[in-house]
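A look at the structure
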Amino acid sequence: MAKFPDYKDIYVFVEQKNGEPAEVGYELISEARKLVSTIPNMDYKVVGVLLGDNVKDKAEEVIAHGADKVIIVDDPLLKDYSTQFYADALTQIIKEFKPDSFLTGATVLGRDLAPRVAARINAGLTADATKIDIDQDKVADGEALLLVTRPTFGGNLFGTIVCPDTRPQMATIRPKVFDMAPIDETRTGEIIEFKPEWESTTPQVEIMETVAKALEGVDITKANILVGVGRGAEHSIETIKECAKELGGEVCATRAVVEDGFMDKDVQVGQTGKTVRPSLYIACGISGAVQHVAGMEKSDMIIAINRDPEAEIFKIANMGFVGNVDEVLPLLVEEIKKA
Ligand code: FAD
């Protein structure tokens, strides 16, 4: 007899802003598809949950990205993110549909929303995860127990967390740790519109104005080529910016460089910064601390320049140059441009 016979399927919260779903939702749907394929006998579905105002036309897109079913709440109260209304709607969806697992991106919004919902329904939540598996030993007992892995002790250890006694098993997962499967317009699925019974329609918080933060350059998580500045290259930032421009890339940094005030926190890569997956990452004067590596090790090609031949960064680099950044980088850029 299954331990939680009423709970089924993997649900993914598809975060959106101004009606545009964030990529992390689709990354999680792609990963959820892989997870359900490891438990074919349980007939689990992947369900997308989309909240917003005028978002109905996005349901087909969620299905094309891999969902079998989409639950939508389309309501003017959900136009802008509000903890009150979003948590209210999600709590009711979970109580009504009883998901076995519920995944949310570890974005600013997801980190606010998921714990509030978990507290309301008394569920376990693993925050800021980087890996998910299903415990295959439990499948024979009819249980799809998630093994959710997250960095701990400053990124020096990884812990795997399970929620054996509560449902749904909730987790927030970092953006960019999973691949987004290619879109498939031929997919079909069920769309369910859910109407919550609002506890109150009076907002507890009123948004007076929304001001978009001006980013320096583009969003580094979308860059195809990144040149990373470490403390050993702080003196060469202008050269590095020029080199990145020549390659059509962007500049990012370690936390040390951000803390030293040379670059903005928006471009910090790593455990407490952003996770990036460019096709080329050139690490300049970066030692290769685990907390930095956690944010860039999935880049397709990593080239490291460091004057210390024993630097940790060389262990994960596809190609390494022992030398001074000022001397090596311009030569490297010339060679890459010729290639
Ligand atoms: P350093 O470690 O000082 O390394 C500088 C490197 O430059 C050295 O390897 C040196 O050999 C080389 N070098 C010096 N001069 C030159 C030169 N002229 N040419 C070539 N090479 C040269 N860090 C992050 O980056 N991102 C995070 O998100 C992050 N989160 C953290 C979270 C926690 C909880 C903690 C405890 C730490 C975190 N850190 C993070 C910090 C991390 O541990 C490291 O301290 C940091 O990444 C080191 O940055 P660095 O490689 O630029 O500097």
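Residues numbered from 1 in each chain as written. Predicted model: local features only at pLDDT ≥ 70, side-chain atom pairs only at ≥ 80, totals over all residues. Heavy atoms only, no water.

The protein goes by Electron transfer flavoprotein subunit alpha in an unreviewed UniProt entry, where it is assigned to Dubosiella newyorkensis. Comment text from UniProt for the protein, heading Sequence similarities (unreviewed entry), reads "Belongs to the ETF alpha-subunit/FixB family." (UniProt positions renumbered as here; feature names shortened; annotations may be inferred.)

Another point: the sheet that holds strand 12 (residues 190–193). Backbone hydrogen bonds hold the strands of a sheet together, and the pairing may be parallel or antiparallel. As summarised here, the arrangement of the 7 strands in space is 7-11-6-1-4-5-12, forming an open sheet in which the pairing is parallel. Every interior strand has two partners, whereas the edge strands, strand 7 (125–129) and strand 12, have only one. Along the sheet, successive strands turn relative to each other by an average axial angle of 20°, direction set aside. Bridge analysis of strand 1 (residues 8–13) against strand 6 (residues 99–105) gives 4 bridges, and the strand direction is parallel. Across the sheet, residue Ile10 finds its bridge partner in strand 6, namely Ser101. Of the strands in this sheet, strand 1, strand 4 (46–52), strand 5 (69–74), strand 6 and strand 12 touch helix 3 (residues 83–97), which is tilted by about 150° from strand 4. Sheet contacts for helix 4 (residues 108–121): strand 1, strand 6, strand 7 and strand 11 (169–173); angle to strand 11, the most-contacted strand, approximately 170°. (Pairing = 2+ DSSP bridges. Helix = DSSP H or I, 4+ residues; strand = E, 2+ residues; numbered from the N terminus. Axes fitted to C-alpha atoms, helices over the stretch in contact; angles between N-to-C directions. Contact = heavy atoms within 4.5 Å.)

The next subject is the packing of aromatic side chains. According to the stated counting rule, one finds 5 aromatic pairs in the structure shown. Here Tyr81 and Tyr86 contribute two aromatic rings whose centre-to-centre distance is 5.0 Å and whose plane-to-plane angle is 70°, an arrangement assigned as edge-to-face. Exposure remark for Tyr81: the relative accessible area of 24% places this residue in the partly exposed category. Look at Phe97 and Phe194: their rings are 5.8 Å apart centre to centre, the planes differ by 65°, and that puts the pair in the edge-to-face class. Of the two residues, Phe97 is situated in helix 3 and Phe194 in the loop between strand 12 and strand 13 (225–229); the sequence distance between them amounts to 97 residues. Take Phe97: its relative accessible area is 24%, and that puts it in the partly exposed class. A residue is classified by how much of its surface remains accessible, and Phe194, at 12% relative accessible area, is buried. (Phe/Tyr/Trp six-rings, centres within 6.5 Å; stacked < 30°, edge-to-face > 60°. Buried < 20%, exposed > 50% of the residue type's maximum accessible area, 1.4 Å probe, protein only.)

Here we come to the site of the ligand. In the region of the ligand, 26 residues are neighbours, and Arg231, Thr254, Thr272, Ser287 and Asn306 sit closest. Thr254 is positioned such that a nitrogen or oxygen atom in its side chain is 2.7 Å from an oxygen atom of the ligand. Within the side chain of Thr272, one N or O atom sits 2.7 Å away from a nitrogen atom of the ligand. Burial of the ligand by the protein amounts to 77% of the accessible area it has alone, namely 990 Å². Classifying every residue of the shell around the ligand gives 5 nonpolar, 17 polar and 4 charged. (Near = heavy atom within 4 Å. Polar contact = N/O pair within 3.5 Å; in protein donor to acceptor, adjacent residues only side chain to side chain. Areas by Shrake-Rupley, 256 points an atom, 1.4 Å probe, with all protein chains shown as cover. Nonpolar A, V, L, I, M, F, W, Y, C, P; charged D, E, K, R; others polar.)

Time to look at the side chain of Thr107. Among the secondary structure elements, Thr107 is positioned in the loop between strand 6 and helix 4. Here the side chain of Thr107 touches Gly110 through a polar contact of 3.0 Å, landing on its backbone nitrogen. Contacts of Thr107, omitting those with residues within four sequence positions, involve Glu15, Val24 and Pro175.

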